Structure formats: structure tokens, C-alpha cells
Amino acid sequence: MKTKINFDINKLVRPNILKLKPYQSAREQMSDKNAILLDANENPFPVEYNRYPDPLQRELKMKIAEQKKTPVENIFLGNGSDEIIDLLIRAFCIPGKDSILINVPTYGMYEVCANMNDVKVIKVELDDEFQIDIPTVLKKSQQAKIIFICSPNNPTANLIQQDLIVDLLENFNRIVVVDEAYIDFANDAGFLSKIDNYPNLVVLQTFSKARAMAGIRLGMAFMNAEIVNILTKIKYPYNISLLNQKAALKALEDDSVSSEIKAILQQRDWLISELQKLKIVEKIWPSDANFLLVQFKNHKQVFDFLKKEGIIVRDRSNEPNCNGCLRITVGKSLENLMLITILKHLDKRISEYDFFEIQKSY
Ligand SMILES: Cc1ncc(COP(=O)(O)O)c(C=O)c1O
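Bear in mind that the values here come from a model prediction, so they are computed numbers and not experimental data. (Residues numbered from 1 in each chain as written. Predicted model: local features only at pLDDT ≥ 70, side-chain atom pairs only at ≥ 80, totals over all residues. Heavy atoms only, no water.)

On the surface, a cluster of negative charge is contributed by Glu 253, Asp 254, Asp 255 and Glu 260. Among the structural elements, Glu 253 can be located in the loop between helix H9 (242–252) and helix H10 (257–276). (Patch = residues over 30% accessible without salt bridge, like charges linked within 9 Å, V, L, I, M, F, W, Y side chains within 5 Å. Areas by Shrake-Rupley, 256 points an atom, 1.4 Å probe, with all protein chains shown as cover. Salt bridge = Lys/Arg side-chain N within 4 Å of Asp/Glu carboxyl O. Lys, Arg positive; Asp, Glu negative; His and termini not counted. Charge placed at Lys NZ, Arg CZ, Asp CG, Glu CD. Helix = DSSP H or I, 4+ residues; strand = E, 2+ residues; numbered from the N terminus.)

Right, dumping it as C-alpha cells:
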């Protein structure tokens, strides 16, 4: 069912982008693999990477379309989701005038990209359960061009309730981005199947998380074809290297990813059960992702101790409603075991110290 939202892409896009005549590679129009290529001033001698990559990534998009059961024309690929976030802001927000809305705490790059583009950032805090505060978002988003929703959210690890996202899609007639970087770890189908119903919906996914390919920098976005065309116009012509297109195609043939996800989820449960036993742990937030947000009694001491022992976690304690919180990625079983062993050590030491301090006060 399509929504009746009043959505006009031509009124949303920055006027200069609407008028923009993009750089065109002669090969965009051509699919004959045997053609003699004298158009791009390359070195013709046959080494593996002497040719520019396909600017439209046709083979890779076809493979992704097949796996995601989504038409090719609804897919846009970026140099990581980060490039797509930046392109969306550049396509729709006029520097010094327009704004985006984010639901904090959330992934930091929405704000960084907005700042880079001199675009204002309206921040609305997530509620006590880290869900979206719809009335406030609707009220404050009057001037915003894009609302970013991260689900499962980084750093809070939870899925955003589907009905809340639908509420925004149906009541905000500009762009709603649902960043699903961690969706493969959640027991939820996400919003990919809904791009046909909502012309204002952009779903972001990535090869960096469950696909275990953060090194190749490949982000995927799914949306109505009109928005794909706008982003295609403003991206750098060869934004996905040939090396990366090949690596991604190879990765898509490998289905061991589901067993890896299963292992990560088992490890996540084990980590939760072990962390719960520690006195230094105040709260573990429920997780739909491959990381945990954990509130510690003395997070700074925990962070420093782990660092000294060679374990790096992310301090998120300065984020709204994340007092004392560290974000911990679920690693391999041995890594998780090391983490817990070290934390147990610290837990014991702090408990003994507390006991000693209590004794002294009597
Ligand atoms: C929510 C979220 N979106 C996007 C990204 C970046 O993805 P990519 O590696 O595809 O740029 C991250 C990275 O941590 C993330 O947490």
C-alpha cells in the first residue's frame, strides 16, 4: 500500500543540484565487454587494474538486488554508508540555511557530515527506553530536510519500534533515513521491504558489520529511484574501486556470514550473563546489535584498566543519558573471555578495596 504523503523530490533537492549537469563517463552508456576502450586515457597494457571501475557498479548492484530482493534501480552504493550520509545531506540541505534532525544519543557521523556542510543539527533526546519521542520530533522537525533514525541504534544497541518509524514516514514529507547498519544482528526484517510504500524512505545498510568487510568501505542505500538518480548525479564518478567491487562480489558468494552472526549472538548472550555477575556493572542495556552498552559504577577506572591491559572499548559516557556507559563490541570467544577475566580481576580488586574502606569507616 502506497502512502498518500505529499512528497515532491524536485522541491526538496537543492536547486543547484537539480540543475547540475553531472560528469559523465563514456562507459556509463556502454555494456559491450568486447569494446575497444579508447575513451578514458588509461594505460592499455593488460594488468588487472588498468581500467576505471564501472561507475554504476552494475554487476555488483545486480547481485545485491538478487540477494536483497530489491530492484536494481532502487539501489545506491557508497564508499561506506558514511559517503551516503554525506551525499544525502549535500543533495538536500542548503549550507547555512537548512537543517537535519537526529535522535540522540546516536551515530556520530550524521552530525559530523552536517557540520562539514554547514548544515544545522536539531537534536531530540531519545526517551528513557531509548525510543523516539515522536511529538517532539514532529514539532522540532518543521524546518528539517532530513530525519536520521538509527535502528538498531548506535550506541544504545536497541531497535527503534517499527510503529514509531512508520509514524514519522507518514507525517514527515521530507527525507527519513533509517540506518540499519546492525540490522543483521536483530530479530527483525527492518524497512527494506517498505521502500516501495514510502517515497521519502532511505534505508542504509553496510558491508562493514555482519558482512565483516569494513576494510573495503562499501555502504548500500535503498530508496525510490528518483532519489537514487539524484545521488548518482553528485557522487564522484568512480566512488567504488574495482578492487572493492570485486571483493564485494566475492563476499556475496560466501554464505558463512549467517553462522558468524549466530556465533556473535551466542557470544553476546554469554557476555551479558558474565557481566551481570560483576559488582562494578550497574546496568546492561538490551541489545539488538553486535555490541553492548554497559553502565559501570566507575567507568573511567574500568576504561583505563582495560586500556592498560590492551583492550580498547568505546567511552560513551558523555552522550545524553549514557552516564557511566562504555560501549563494548562482541569479539571472538577468546577475546570476550580475556575481557571478562580482566573485568573480574578489577571487580575483585574494587570490591576488596570497598570492603577495606567500609572497615576503616567503622
Ligand atoms: C549506525 C552506523 N551507521 C553507519 C556506520 C558506518 O558504516 P560504513 O562503515 O558503511 O561507513 C556505522 C559505523 O560504525 C554505524 O555505527
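More follows now that the structure is in view.
The full set close to the ligand counts 13 residues, and Ser 81, Asp 179, Tyr 182, Thr 206 and Ser 208 are the nearest of them. In the model, an oxygen atom of the ligand is placed 3.1 Å from a nitrogen or oxygen of the Asp 82 main chain. In the complex, 92% of the free accessible area of the ligand, which totals 400 Å², lies under the protein chains. The element contributing the most residues to the shell around the ligand is helix H4 (residues 80–92), with three residues. Residues that form the shell around the ligand fall into these classes: four nonpolar, five polar and four charged. (Near = heavy atom within 4 Å. Polar contact = N/O pair within 3.5 Å; in protein donor to acceptor, adjacent residues only side chain to side chain. Nonpolar A, V, L, I, M, F, W, Y, C, P; charged D, E, K, R; others polar.)

Of all the six residues making up strand E9 (residues 291–296), five are buried; the element is thus mostly covered by neighbouring parts of the structure. As paired strands, strand E8 (residues 281–284) and E9 are joined by three bridges and run antiparallel to one another. Note that in E9 the partner of Lys 283 across the bridge is Gln 295. Linkage of E8 to E9, two consecutive antiparallel strands, is achieved through a turn of six residues. Relative to strand E11 (residues 325–329), E9 is paired through five bridges, and the arrangement is antiparallel. Residue pairing across strands places Gln 295 opposite Cys 325, the latter belonging to E11. (Buried < 20%, exposed > 50% of the residue type's maximum accessible area, 1.4 Å probe, protein only. Pairing = 2+ DSSP bridges.)

Bringing the sheet that holds E9 into the picture now. Reading across from one edge, E8-E9-E11-E10 is the order of the four strands in this open sheet, with antiparallel pairing throughout. Each edge of the open sheet carries a strand with a single partner, namely E8 and strand E10 (314–315). Helix-sheet contacts for H10 involve E8 and E9, and the interaxial angle to E9 is about 10°. On top of the sheet, helix H11 (residues 299–308) reaches E9, E10 and E11; it is set at about 35° to E11, its chief contact. (Contact = heavy atoms within 4.5 Å. Axes fitted to C-alpha atoms, helices over the stretch in contact; angles between N-to-C directions.)

On to unusual backbone geometry. For the peptide bond that leads from Val 104 to Pro 105, omega is 0°, which places it in the cis range. Positionally, Pro 105 belongs in the loop between strand E2 (99–104) and helix H5 (109–116). Put simply, Ser 151 and Pro 152 share a cis peptide bond, and its omega is -5°. With respect to the helices, strands and loops of the structure, Pro 152 is situated in the loop between strand E4 (144–150) and helix H7 (162–171). Phi is positive for Gln 57, which is not a glycine, with a value near 45°. Here Gln 57 is to be found in the loop between helix H2 (15–19) and helix H3 (58–68).

On to the side chain of Gln 267, then. Note on placement: Gln 267 falls in helix H10. For Gln 267, a relative accessible area of 17% corresponds to the buried category. Not counting chain neighbours up to four residues away, the residues in contact with Gln 267 comprise Val 330, Gly 331, Lys 332, Ser 333 and Asn 336.

Under the definition given, this model contains twelve salt bridges. Across the pair Glu 111 and Lys 123 runs a salt bridge, and its minimum N-O distance is 3.0 Å. Of this pair, Glu 111 sits in helix H5 while Lys 123 sits in strand E3 (residues 120–125), placing them twelve residues apart in sequence. Salt bridges here are not isolated pairs; linked through shared partners, they connect Glu 274, Lys 277 and Lys 344.

Once that is clear, we can look at the sheet that holds E2. Strand order in the open sheet formed by seven strands is E1-E7-E6-E5-E4-E2-E3, with mixed pairing between adjacent strands. Two strands lie at the open edges of the sheet, namely strand E1 (75–78) and E3, each paired on one side alone. Strand-to-strand twist of the sheet, defined as the mean angle between neighbouring strand axes without regard to direction, takes the value 25°. When strand E6 (residues 201–206) meets strand E7 (residues 219–223), the two strands line up antiparallel, connected through five bridges. Bridging across to E7, Thr 206 finds its partner in Gly 219.

Applying the stated criterion across every chain yields a total of five aromatic pairs. Ring geometry for Tyr 107 versus Tyr 110: centroids 5.6 Å apart, planes at 85°, classification edge-to-face. A relative accessible area of 24% places Tyr 107 in the partly exposed class. The buried category is assigned to Tyr 110, whose relative accessible area is 0%. (Phe/Tyr/Trp six-rings, centres within 6.5 Å; stacked < 30°, edge-to-face > 60°.)

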